[in-house]
Amino acid sequence: MKNLFIALLPLAVLAGCAVDPVVEDDAPNAGVDQALASFEFDSTALAKVPTAETIPAAHLTLDKLNELNITSALLGTTEKPVRVTAVGNNQSFKTSGWELEKDSFTGRIFGLSTIPSGPAVTVDETRLQRLALDRILKLGVGSGEVGRILQRKSMLQDFDGATPDAPTLHGYKTFIFRAIGGVPVVGHRAVITHGVDGVVRRAVLKWPALASTGHLLHTKLLQKDIELRATEALARAGESKGKVMLFWQYKPVVTTTGEVTLKLMAGARMRAIAQTDGTTEEPRTVDVDVYATP
Amino acid sequence: MFEKRRLSTLVRGGAGIVCAALAVLAASPAQAANEVQVYGIANFGGSNQCGNSDMTHSVHTETAATFRATFDMYKLAMLWDETATLNNSNAKGSLFQDASKKASGADTTANAGGDEADVIYVHTHGGHTGPTYDLSVFPPKASGPAYSSLSMGNASFACSVRTDSDMLWGNTGGDLDIAVIKACQSGDYGVWKFGGYSSMKTSTSSLTMWNAFHGDSSCGGHVTDYVGDYAATSMNNGVGENWIDEAYDGAFWPWEDDDCPVSIVWGSSKTARKNMYENGGFRDRKDTGTKSGSTYFYVAGCDPDHGSKLPE
């Protein structure tokens, strides 16, 4: 009977005579991981040992993080930006079509178009993704420091009367994550947003310059050693049992110039746990030192 | 920005109104300043703490500190007025309860209550309930309650506060404009769709934005990174959309789920709410008018643990 209702529901919703149920598809994870007496490691992702000998020769450098390069390469305007304010290392600029904030020391960039998005047009999201990638490559990002790319629609849903309106498209977002040799760099990403008219309207980046030397990209530890280190790190974090997935990650270490060096670490990820007070303990990642070497 | 609007209103209103308004401002310093309060609830299960020790996540206070750091920098530049941290046992449940809903409510307590600040950041554990759908009738009937709940830090006060029965923001004596909630299920789509967050405000409330998560959100050092970046980039623009850009993540590893940040904006019109989401900032809190409607902003198809897949 339940299936029949669900099958008929879209028609009923379209006819305006039904509440569209939100299907809660996941049961809380209570009692599964807690039943374990100790940690149970899944080290599958560690099998592929990081192979990058060094950072890619082509990578974002400090000299590329100037406002002229950002406005021309990333935002695509030839207009010279005018500086508005500076707070700490954060500097604000304006052109006739953009507001820009940048902090070369942290690699933070936020460009926002001041021109409202036009009417929606049919777009090719693959093309938008390619254009978004082109923008950060023109900025000076090297193709060898680009990891996974996610193309997503951003949506909005209004609720003014008795029932919410249908969801509507707000824009197209390209999430580009930094990685070296397939190993993700924690916290570094670029998000380029195109409006419904297919025109770029936002660019948010955390992509600091990489130092030319000083990276610790490898480890001599074996899997069993890393599991031991993970057990210790998890214990320090207050954990005592549960399923744990281990993976590689590069943690950025900021130098005095604002450039970052990368340090290989493992991540130990635990699943969400439902608590008795009705809340859920977040799925957490604990960093594991693997005594990285150059 | 509210402060600028308030001053321009004073000038237009004449001397008598100016004097009356100044008296009110003097009596209520919270409403005269740009204030941020951060609550990192990291410790659980200890003496006079809530929950159990497994819930202890030291990162929660680290993200609170990094969120506050941007405001401290702006304060040094005299572009922000007040910052405060209430971590762990100082994050009492009563500070998230409105006196009109709970007798113990103290959300307007000076330099502590959530409704005493213009901006709050909370990092703790969260959950949600309902709504439930009766599929034995056609069309299915939804019923409450529907709410999110947040774990608090002091067992002498409420250990769990609910968005429906405890919280009321920006009402009389309150000042809250923007809440950033880093907690699982703190902005659940089903709860919003049922209207479960509407009782957190009145039509004349100052509360404009609730940036939170649909479903579970991951925790770790990466959160400290993106929360710091979010605060730093959102002082002037993009206070809603930056939250989506910074906190969204698609599942990458096995048995990992999506992180689904959402932004709920209240206001009188679709245009005003969208403008706040795209162009508002912590220092540029747009006037969205009466809080008669809301908009839910999200990433299409985002599919978290402990939450439905968001519509595409």
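This structure is a prediction, so every number in the text was calculated from the model and none was measured.

### A short note on the overall build of chain B
- Across its full length, chain B holds seven helices and twelve strands.
- Buried positions account for 62% of the 312 residues belonging to chain B.
- Put simply, of all contacts in chain B between residues at least 6 apart along the chain, 69% involve residues at least 24 apart.

### Focus: the overall build of chain A
- Counting its secondary structure elements, chain A contains four helices and 14 strands.
- When each of the 294 residues of chain A is scored for burial, the buried share is 44%.
- Of all intrachain contacts in chain A linking residues separated by at least 6 positions in sequence, the fraction that spans at least 24 positions is 63%.

### Examining the interface of chain A and chain B
- In this assembly, 62 residues from chain A lie in contact with 70 residues from chain B.
- In terms of residue count, the dominant contributor to the side of chain A that touches chain B is strand E6 (residues 146-159) of chain A (nine residues).
- A class-by-class count of the residues in the side of chain A that touches chain B yields 30 nonpolar, twelve polar and 20 charged.
- Where E6(A) and strand E12 (residues 293-299) of chain B come together, six bridges link them in antiparallel fashion. Opposite A:Leu156, over in E12(B), you have B:Phe297 as the bridge partner.

### Considerations on the confidence of the model for chain B
- Within chain B, residue pLDDT values average 90, and 90% of them lie at 70 or more.
- Considering only residues more than four positions removed or in separate chains, one finds that residues 1-30 of chain B, a stretch of pLDDT under 50, has 17 contacts.

### Quick look at the packing of helix H3 (residues 59-76) of chain B against helix H5 (residues 221-233) of chain B
All names here are of chain B.
- Taken N-terminus to C-terminus, the directions of H3 and H5 make an angle of 20°; their axes are 8 Å apart at the nearest point. Between H3 and H5, the crossing angle belongs to the class labelled roughly parallel. Of the two possible hands of crossing, H3 and H5 adopt the one that is right-handed. Where H3 abuts H5, its residues Val 59, Glu 62, Thr 63, Thr 66, Phe 67, Ala 69 and Thr 70 lie against Gly 221, Val 223, Thr 224, Val 227, Gly 228, Ala 231 and Ala 232.

### What about the pairing of strand E11 (residues 260-267) of chain B?
All names here are of chain B.
- With eight of eight residues buried, E11 is to be regarded as a mostly interior element.
- Here E11 shows two buried faces, one formed by Cys 260, Val 262, Ile 264 and Trp 266 and the other by Pro 261, Ser 263, Val 265 and Gly 267.
- As paired elements, E11 and E12 share five bridges and run antiparallel to each other. Counterpart to Ser 263 in the pairing with E12 is Phe 297.

### Notes on the nonpolar core
- In terms of nonpolar packing, the biggest core is built from 148 residues, with A:Leu246, A:Ala266, B:Met152 and B:Tyr298 touching the most fellow members.
- In terms of residue count, the dominant contributor to this core is strand E11 (residues 260-270) of chain A (seven residues).

### Description of the domain arrangement of chain A
Residues and elements named next belong to chain A.
- Its domain assignment divides chain A into domain 1 (39-52 + 214-289) and domain 2 (62-156 + 165-206).
- A separation of 29 Å is found between the C-alpha centroids of domain 1 and domain 2.
- At the junction of the two partners, domain 1 supplies twelve residues and domain 2 supplies twelve residues.
- Each residue belonging to the side of domain 1 that touches domain 2 can be placed in one class, and the counts come to six nonpolar, four polar and two charged.

### Let's talk about the pairing of strand E9 (residues 178-182) of chain B
Residues and elements named next belong to chain B.
- The element E9 is extensively covered by neighbouring structure, given that five of its five residues are classed as buried.
- On E9, burial covers both faces: Ile 178, Val 180 and Lys 182 on one face and Ala 179 and Ile 181 on the other are all buried.
- Note: strand E3 (residues 119-123) against E9, five bridges, orientation parallel. Bridge pairing in E9 links Tyr 121 to Val 180.
- Sheet analysis places E9 next to strand E10 (residues 209-214), joined by three bridges and oriented parallel. By the bridge assignment for E10, Ile 178 is matched with Met 209.

### Quick notes on the packing of helix H2 (residues 67-74) of chain A against helix H3 (residues 125-139) of chain A
Residues and elements named next belong to chain A.
- Running from N to C, H2 and H3 cross one another at 155°; their axes reach a closest spacing of 8 Å. Viewed along their axes, H2 and H3 adopt a mutual orientation that is roughly antiparallel. As H2 packs across H3, the resulting crossing turns out to be right-handed. Contact residues: H2 offers Asn 69, Ile 70, Ala 73 and Leu 74, while H3 offers Arg 135, Ile 136, Lys 138 and Leu 139.
- Of the residues in the contact of H2 with H3, the class split is five nonpolar, one polar and two charged.

### Digging into H3(B)
- An ideal rise of 1.5 Å per residue puts 26 Å on 18 residues; H3(B) measures up with 26 Å between its terminal C-alpha atoms.
- Most pronounced at B:Ala69, the bend in H3(B) amounts to some 25°.
- Listing the buried residues of H3(B) in full gives B:Val59, B:His60, B:Thr61, B:Thr63, B:Ala64, B:Thr66, B:Phe67, B:Arg68, B:Thr70, B:Phe71 and B:Tyr74.
- Of the surrounding secondary structure, the elements contacted by the buried residues of H3(B) are strand E2 (82-87) of chain A together with strand E1 (35-40), strand E2 (82-85), E3, E9 and H5 of chain B.
- Phi for B:Met78, located one or two positions after H3(B), is positive at around 60°.

### A short note on the confidence of the model for chain A
Residues and elements named next belong to chain A.
- In this model, chain A carries a mean pLDDT of 90, and residues with pLDDT of at least 70 account for 88%.
- Under a pLDDT of 50 for its full length, residues 1-18 has, in the predicted model, 14 contacts with residues more than four places off or in other chains.
- For the stretch residues 27-31, pLDDT sits under 50, and the model shows nine contacts to residues farther than four places along the chain or on other chains.

### Description of unusual backbone geometry
All names here are of chain B.
- A cis geometry characterises the amide bond from Gly 130 onward to Pro 131, with omega recorded as 0°.
- Along the chain, the position of Pro 131 falls in the loop between strand E4 (126-129) and strand E5 (132-134).
- Here the residue pair Gly 144 and Pro 145 is connected by a cis peptide bond, since its omega of 5° sits within 30 degrees of zero.
- Positive phi values are uncommon outside glycine, yet Asn 48 reaches one of about 60°.
- Tracing the chain through its elements places Asn 48 in the loop between E1 and H3.

### Observations concerning helix H7 (residues 270-279) of chain B
- Within the span of H7(B), buried status applies to B:Ala272, B:Arg273, B:Lys274, B:Met276, B:Tyr277 and B:Glu278.
- On its buried side, H7(B) packs onto E10, helix H6 (241-247), E11 and E12 of chain B.

### Brief notes about the environment of A:Gly147
Residues and elements named next belong to chain A.
- Along the chain, Gly 147 falls in strand E6.
- Residue classification places Gly 147 among the partly exposed positions, given that 17 C-beta atoms sit within 10 Å.
- As a C-alpha pair, Gly 147 and Ile 180 span 33 residues in sequence and 7.2 Å in three-dimensional space.

The rules behind these values
- Residues numbered from 1 in each chain as written.
- Chains lettered and ligands numbered in written order.
- Predicted model: local features only at pLDDT ≥ 70, side-chain atom pairs only at ≥ 80, totals over all residues.
- Helix = DSSP H or I, 4+ residues; strand = E, 2+ residues; numbered from the N terminus.
- Buried ≥ 20, exposed ≤ 12 C-beta atoms within 10 Å, placed from the backbone.
- Contact = placed C-beta atoms within 7 Å.
- Nonpolar A, V, L, I, M, F, W, Y, C, P; charged D, E, K, R; others polar.
- Pairing = 2+ DSSP bridges.
- pLDDT = per-residue confidence, 0-100.
- Axes fitted to C-alpha atoms, helices over the stretch in contact; angles between N-to-C directions.
- Parallel < 35°, antiparallel > 145°, perpendicular 65-115°, else oblique.
- Left-handed = near helix turned anticlockwise from the far one by under 90°.
- Core = buried A, V, L, I, M, F, W, Y, C linked by C-beta atoms within 7 Å.
- Domains from an automatic or database assignment.
- Expected span 1.5 Å × (residues − 1).
- Bend = angle between axes of the 7 residues up to and from the residue.

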